[in-house]
Each structure stands twice: as C-alpha cells, then as structure tokens.
Amino acid sequence: MQPVLEISNLQASAGDVSILKGVNLTVGGGELHAIMGPNGSGKSTLAAVLAGRDEYQINGGSVRYRGEDLLEMEPDERAREGVFLAFQYPVELPGVSMMNFLKQAVSSVREHRGEPPLRAVDLLRLSREKAALIGLDHKLVRRSVNEGFSGGEKKRNEIFQLAMLDPVLAILDETDSGLDIDALRSVADGVNRLRSKERAFLIITHYQRLLNYIVPDFVHVMVEGRIARSGGKELALELESRGYDWVAREPILA
Amino acid sequence: MPARQALEIPFVHAVEKCFAEHLHGDLGWWRDRCHKGMTCFRRLGFPTQRQESWKYTSLASVLRQPLATGGSPIPYPGPLPWVDGLDAHVGVFVDGRLDKSRSSLASLPPGVLVTDLHRAGFSRACNLGTLANSTRHPFVALNTAFLTGGAFVLIDANVFLDKPIHVMHLATSNRGRLAQPRTLVHAFRESRASVIESVHLESAGPSLINAVSEYQLENLTHVSRYELQDPAAHVSCVSSLDVTPGYSSRFENHCFTFGGDVVRNNVRVLQIRMDSETVLNGLFMARNRSHVDNHTLVHHAVPDGFSSENYRGILDDHATGVFNGKVLVAPDAQKTNAYQTNKSIVLSDTARMFAKPELEIYADDVKCSHGATTGQLSEDALFYLRTRGLTIKDARTLLLQAFAGEITGEVPHAALREALNQRVTASLQG
C-alpha cells in the first residue's frame, strides 16, 4: 500500500540558518506518528514546511504525499488534498465569523472532492455534531475566529476544524503546549475520536505527557534537524525518564 | 502667477458667467444668500495645495476641465442601483427639485417633512447657510452662490422615526459639469431619525459634485446620517457637512466612499451644547488613480462632550487616501472624551495613505486619544486561511470584508448594512 507521506532527505532553511538537515520519515495510512525533540530541533519547522509556509527555503530532498510532490503544491491545494495543520499559535481573525470561515473552508474542500456544497442548515448540524465530539462550546461558533478565545479554546478550535475538514493527514504542532491537564485530556480525547484507518496523524510535541492520552504507533526523536532515533511508544517513556541528551550522544539513524 | 491658478481661470470665468445667468432666475428669499456666497467665493478662490488643509489633495485635474457641458444633456439619470430600494422613505431631488413621482414619502409619519428648500419658506429654513460657513469655506460659498433648490428635512419634536429617510440627489448634466446639491436637516427636541444621503450625477465627461449639508439638532435628539458616495471614475466630489448638536444629543455620521476621481469630505461638528456625543465613522475603498480625502473637525467648545471617530480605508493600485482628524478642545471644555482611530490597508506598492491626527487641547481635564495604522494584510492570517483550503484570493477577500465589516457592522438598518456589505464585496472582486 502506498504511504500517505514519504519524506526523504528533506533540507530546509530560514534565511541563512539551516534548520532541517536531512529528514527521513514515512507515514502509512491510518498510522499515528509522534515527533518529539528538544526546543530548536526543527519539529515546528517540519510542520510548517509540510503545510507550505513560504518563509522557509527548501534546499534539498523531497516530500511525496499519496505519491504526489507535496512541495509543488500551494498551501491551499495541500489543504484541499487532505493535509491539515493544527497550529501551535492559532491566528485570531477579528471580524471573520467562525460560521463564514467554516463555510468557506468546508466548501472548498468538498468542492475539490467532487462533493456537493453543504446547505447552511447541514453545515450547522455538522458543526454542532463535531463540536460535541471534541468538546468545544458551540457558542464559540457565533464569534470571530479565535478572537478572545482562551488558550484551551483556541487549541480545541483547531481540533474542531480538523474534524470539520476530515483530512487524510493531520499534523498537530505542539497542540498540548500551554494547556492545563484537563484541557490536555479533552483535546486528546477529541484526537482519539478522530483516529481512523483513513486518517494518519503526525503529532509534534515537546513533552511525553500528551502521549499518555494519545497512544502513538511510532515515536521519532528529532535532534538538530534530523530524526535521530525512532521506535515504538515505549521510546516516549524512555525519553521521559532519560531526557533528550542521550539521544544526541548515541545517535542511531532510523 | 503660479501655473496652478492659471489653470483655474477659465473655470472661475465660467462660474462668473453662470452666476450672472443665475441671478436672472427667481431666487426668492435666498437671493441675498446667493450674493453673499458669491462674494465670499470671489474672495476665497479655490484652495491650493499650499494651504495646510489641502496639502495632500489637488483639484487641478478637476478645475482644468471646462465647466460648460458638451454633447447632448442627459435628461434623467436613475439612482445608483445599489442605493435603490433600501427600505427607506425616499425623497428624490432632481437638480434640487423634489420629484414626487419618483419619491416614496407617502408613509412618512406626521411631524416629518421632506420637501423642497424653496418651498420650506424662510421661517422654517432659517438655518440655511448659518451652519455651513461661506466666509471660510470656498466650496460652501460656491454652493451657496448657486442655490437653486435642495432638500429640506424637518423632524418635529418627540418624533421617533425607525425607517431612514433617504435624500437622493440626482443631477442632470443640463447645468454643466458642476452639480451642487444642498441639504438642510432640522431635528427638533427629543426626536430621533436616520438620514441617508446619496448624490448621483450621470455625465459623459469629467464633472464635479459640490455637496453641502447642514444639520441643526436641537436638545436631546439622536440623528444618524449615512453618506453613500459612489461616483463614476471621472466624477470628483467635494462634500461638506456642518453639524451643531444640541444639549445631551447624539449625532452619528457614517460615510462610505466607493468610487470617484478626487473625493474630499469635510465634516465639521461644533459641540456648543453640553453633554453631546458625536460619532464619526468612515469607510473608503479606492483603486486605480482615485484619491479619497476625509477631513474631520470636532470642536469641543463646552464641557462634558464626547466624540469618537473610526475611519478605515482599503487602497489599491495607484490610489491615495488621506485622513486628517482634528479635535479641538477649548479651555472651558473640561471632562471631554475624544477618541480617534484610523486604520488603512494598502494592497499595492504604489497606493499611498496619509494619516494625520491633529489634537489641539486647551483644557487640562480631558481624555483624548488617537491612533493610526497603515499596513498590509497579515501574512499569518492569510497563511492560516490558506491551510484551511481557501485560495489566496478568497483569503484576501475574507480578511478585507472583515476589515470593512467593522465599519459597515455599525449600521443598524439591516437593508442598508446588507447593501453596503454587498457593495464592499463587489468592490473587492471588481
């Protein structure tokens, strides 16, 4: 079966600073991969590059998404093809109503998949259903996107959008950062409900604690712009007890 | 003599010629006002860019054009499509004369009068020309010199009007390429009303609209004015508004500009009664070589006044925007609160915005603030929307609609607000 994502020898830089120095990673359909690593190791850059942020230059390597060259696609094409990024810092959009935003996002994705546009009433029903699924207060849908949302509400709103857009590959960039334990658990519950054979996850996190609630199929450790070690879920526990330093000292390339 | 003034000479000669003809007409009780207006205009002349308040706005391209019209006159322009049917009491004034057949004023409640200025009579329209000052403002003087009619709106004491009154000025090109609509609104004690004003001039060649509005508001009134400006690309517009709010009254002005060659709006509010509130909002969208200049003056002459201004602009191509907001707080005007913001989005490298807040404060116990930002759409916001599947074009449109929506959203009348939002969208997609 064709993998969802195949990253080979990916190198990227911001200005003169080289950040990704040859990342290799393959994600199969329905798999959940966690990428861990110390601050500054390039985890969030990898997420941004996969979503199409143009402030990074690609210096080498390739990324294939369901066999296609992902790096050739515009950010919105990637989204319509089923790539979703949950932001570490979701952007506030004053004056842009959540409902209007969801309508445009959902219809652009549906149109691309050849599905008919949702009627307003069906969109509202779908948003109620998905909000309930991931524990987002549906009253937030009447507000402007992320404006005045608490930290927890912003993160939950990202998972809510994930549920609405039904992606093939969901990338979560430090979704656990800044959350208290209750909010963390509820976000994790939401993610678990969205796991399926058709959806792969790439979860970027600094701490092991999220992986207590979201059990990964694979764990990768990123150090200095490379995947330094890969393993099963037990690797996360080892990192928790031993820290990141030993990985850097004893690199075993995946 | 500087070249700029030389350009105006044919225009001024034409004005003189027209004025001589104008005096042959039946001017009734305002003949003296016309004479005074012309005397003032002769003394003031057209403003030049050497005057501080016209520093960024040049009328040279307007004044270079001949005043007399060429070709066959357009007898009867229709209203702009998007300002028609706004769920309002509509008074249509063709060259300053009320056209009853085109108006829909039958459902006006008792105590509200929408009529011709010349029919209103001296006693009712005695404020004509007393709020708008001909001795200081050349365009007011020019408009006054050529008074042939106009709109008169009277709202009697204690009348609450839910539906807005729409004063729609239609100018034919029979009178040359200079249209000078005039509006006088008098709201009596404890009345409440909304007035929409729009001017439509249909002309084949470059033309100038010189509109003057005066609002006399008595004590405890609440009046909102909505000015809708959407002239064709070859039509320039100078619009002057003078307001005196009464004791404990509230006045709102919402000005929307979507087109035109050179557009200059002068808003002057004189707060000489205590405890009055003024809200001035504006939205301007300019593209190509359009130039939109909003000049506001709020003069707080007495204590306990409040004013708040919020102007937003979207500029594309080679367009230029100007915002000059002057707040004058007199020594006696203690406990004044005056706020002002101006935000502009510049979409091209060649569009420009000049923002100039001017706070002159002579009292010591006041709260005044101002802020101006000019920038581009946020890259973070655009990227966020694109990662949700929106094309760059749709993402930009959505963000600009939201930006403009902060001003249109303040309009309480649903039909008008919806028409404005649609006009904004059409402008973004045009």
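Above this text sits the structure in question.
Quick notes on the rules
- Residues numbered from 1 in each chain as written.
- Chains lettered and ligands numbered in written order.
- Predicted model: local features only at pLDDT ≥ 70, side-chain atom pairs only at ≥ 80, totals over all residues.
- Heavy atoms only, no water.
- 1 Å grid on protein atoms, 1.4 Å probe; cavity = no way out; pocket = protein on both sides within 12 Å on 5 of 7 lines; lining within 4 Å.
- Points joined across faces, edges and corners; volume = space filled by probe spheres on them.
- Helix = DSSP H or I, 4+ residues; strand = E, 2+ residues; numbered from the N terminus.
- Expected span 1.5 Å × (residues − 1).
- Contact = heavy atoms within 4.5 Å.
- Buried < 20%, exposed > 50% of the residue type's maximum accessible area, 1.4 Å probe, protein only.
- Pairing = 2+ DSSP bridges.
- Buried area = accessible area lost by both parts, 1.4 Å probe.
- Salt bridge = Lys/Arg side-chain N within 4 Å of Asp/Glu carboxyl O.
- Polar contact = N/O pair within 3.5 Å; in protein donor to acceptor, adjacent residues only side chain to side chain.
- Nonpolar A, V, L, I, M, F, W, Y, C, P; charged D, E, K, R; others polar.
- Phe/Tyr/Trp six-rings, centres within 6.5 Å; stacked < 30°, edge-to-face > 60°.
- Arc of directions from axis to C-beta.

### Thoughts on empty space enclosed by the protein
Residues and elements named next belong to chain B.
Next, step 1: The tally for this structure, following the rule as stated, stands at seven cavities of 30 Å³ or more.
Next, step 2: Computed from the structure, the largest cavity encloses a volume of approximately 70 Å³.
Next, step 3: Mapped by element, the contributors of at least two residues to the lining of the largest cavity are β8 (192-201), β9 (207-217) and β10 (222-229).

### Some words on helix α3 (residues 98-112) of chain A
Next, step 1: With 15 residues, α3(A) ought to run about 21 Å at 1.5 Å a step, and its terminal C-alpha atoms sit 21 Å apart, in line with that.
Next, step 2: Check the buried side of α3(A) and you find it contacts α2 (75-81), β7 (93-97), α4 (120-134), β8 (144-145) and α5 (151-165) of chain A together with α6 (379-386) of chain B.
Next, step 3: Looking at the residues trailing α3(A), positive phi occurs at A:Gly114, about 75°.

### Some thoughts on the side chain of B:Ser240
Residues and elements named next belong to chain B.
Next, step 1: Among the secondary structure elements, Ser240 is positioned in strand β11 (residues 235-244).
Next, step 2: Take Ser240: its relative accessible area is 1%, and that puts it in the buried class.
Next, step 3: Setting aside chain neighbours within four positions, we find Ser240 in contact with Val140, Ala211, Val212, Ser213, Asn266 and Arg268.

### What about the pairing of strand β1 (residues 89-94) of chain B?
All names here are of chain B.
Next, step 1: Most of β1 sits out of view: six of its six residues are buried.
Next, step 2: Here β1 shows no split at all, with His89, Gly91 and Phe93 on one side and Val90, Val92 and Val94 on the other all buried.
Next, step 3: Pairing geometry for β1 and strand β5 (residues 165-171), over six bridges, is parallel. Looking across to β5, one finds that Val94 is bridged to Leu170.
Next, step 4: Relative to strand β2 (residues 97-98), β1 is paired through two bridges, and the arrangement is antiparallel. Note that in β2 the partner of Val94 across the bridge is Arg97.
Next, step 5: Counting the residues in the hairpin turn of β1 and β2 gives two residues, including Asp95, whose phi is positive at 50°.

### Side note on the environment of A:Val49
Residue and element names in this part refer to chain A.
Next, step 1: With respect to the secondary-structure elements, Val49 resides in helix α1 (residues 43-51).
Next, step 2: A residue is classified by how much of its surface remains accessible, and Val49, at 3% relative accessible area, is buried.
Next, step 3: Once residues lying within four places of it in the same chain are set aside, the contact partners of Val49 are Leu10, Ala12, Leu20, Tyr56, Ile58, Leu71 and Arg78.

### A look at the pairing of strand β3 (residues 112-116) of chain B
Residues and elements named next belong to chain B.
Next, step 1: In terms of burial, β3 is a largely internal element, four of the five residues being buried.
Next, step 2: Relative to strand β4 (residues 151-155), β3 runs antiparallel, the two being bridged by five bridges. Each bridged residue has a counterpart across the sheet, and for Thr115 the counterpart in β4 is Phe152.

### Examining the interface of chain A and chain B
Next, step 1: In this complex, chain A contributes 31 residues to the contact, which on the side of chain B involves 17 residues.
Next, step 2: Interface of chain A and chain B: buried area, both sides summed, is about 1,900 Å²; carbon and sulfur atoms make up 63% of it.
Next, step 3: Looking at the side of chain A facing chain B, the largest losses of area belong to A:Arg53, A:Asp76 and A:Gln104, adding up to 26% of the total buried there.
Next, step 4: At the boundary of chain A and chain B, one finds four salt bridges.
Next, step 5: With a shortest N-O distance of 2.6 Å, B:Arg386 and A:Glu74 are connected by a salt bridge.
Next, step 6: In this structure, the connection of chain A to chain B is made through 11 residue pairs in polar contact (both at pLDDT 80 or more).
Next, step 7: Listing elements by their share of the side of chain A that touches chain B, those giving two or more residues are α1, α2, β6 (83-86), β7, α3 and α5 of chain A.
Next, step 8: A total of six residues in the side of chain A that touches chain B trace back to one element, the largest contributor, which is α3(A).
Next, step 9: In the side of chain A that touches chain B, the residues fall into 19 nonpolar, seven polar and five charged.

### Details of the packing of aromatic side chains
Next, step 1: Overall, the coordinates contain 12 aromatic pairs over all chains when judged by the stated rule.
Next, step 2: Centre to centre, the rings of A:Phe101 and B:Tyr384 are 6.1 Å apart; their planes meet at 5°, and the pair counts as stacked. Taken together, the positions of A:Phe101 in helix α3 and B:Tyr384 in helix α6 put the pair across two chains.
Next, step 3: Both rings, one in B:Tyr56 and one in B:Phe354, keep their centres 4.3 Å apart while their planes meet at 20°; by these two values the pair is stacked.

### A short note on the side chain of A:Lys43
Next, step 1: Residue position: A:Lys43 is located in helix α1.
Next, step 2: Those residues in contact with A:Lys43, other than ones at most four positions away along the chain, are A:Ile35, A:Met36, A:Gly37, A:Pro38, A:Glu174, A:Ile204, A:Thr205, A:His206 and A:Met222.

### Concerning helix α2 (residues 31-44) of chain B
All names here are of chain B.
Next, step 1: With 14 residues, α2 should reach 20 Å at 1.5 Å per residue; the first-to-last C-alpha distance of 20 Å fits that figure.
Next, step 2: For α2, every residue scored as buried is listed here: Arg33, Cys34, Gly37, Met38, Cys40 and Phe41. Here the buried residues of α2 occupy an arc of 165° about the axis, which is enough to place them on one side. In α2, those exposed residues whose orientation departs by more than 90 degrees from the buried face are Asp32 and Arg43.

Keep in mind that these numbers describe shape and distance, not what the molecule does.
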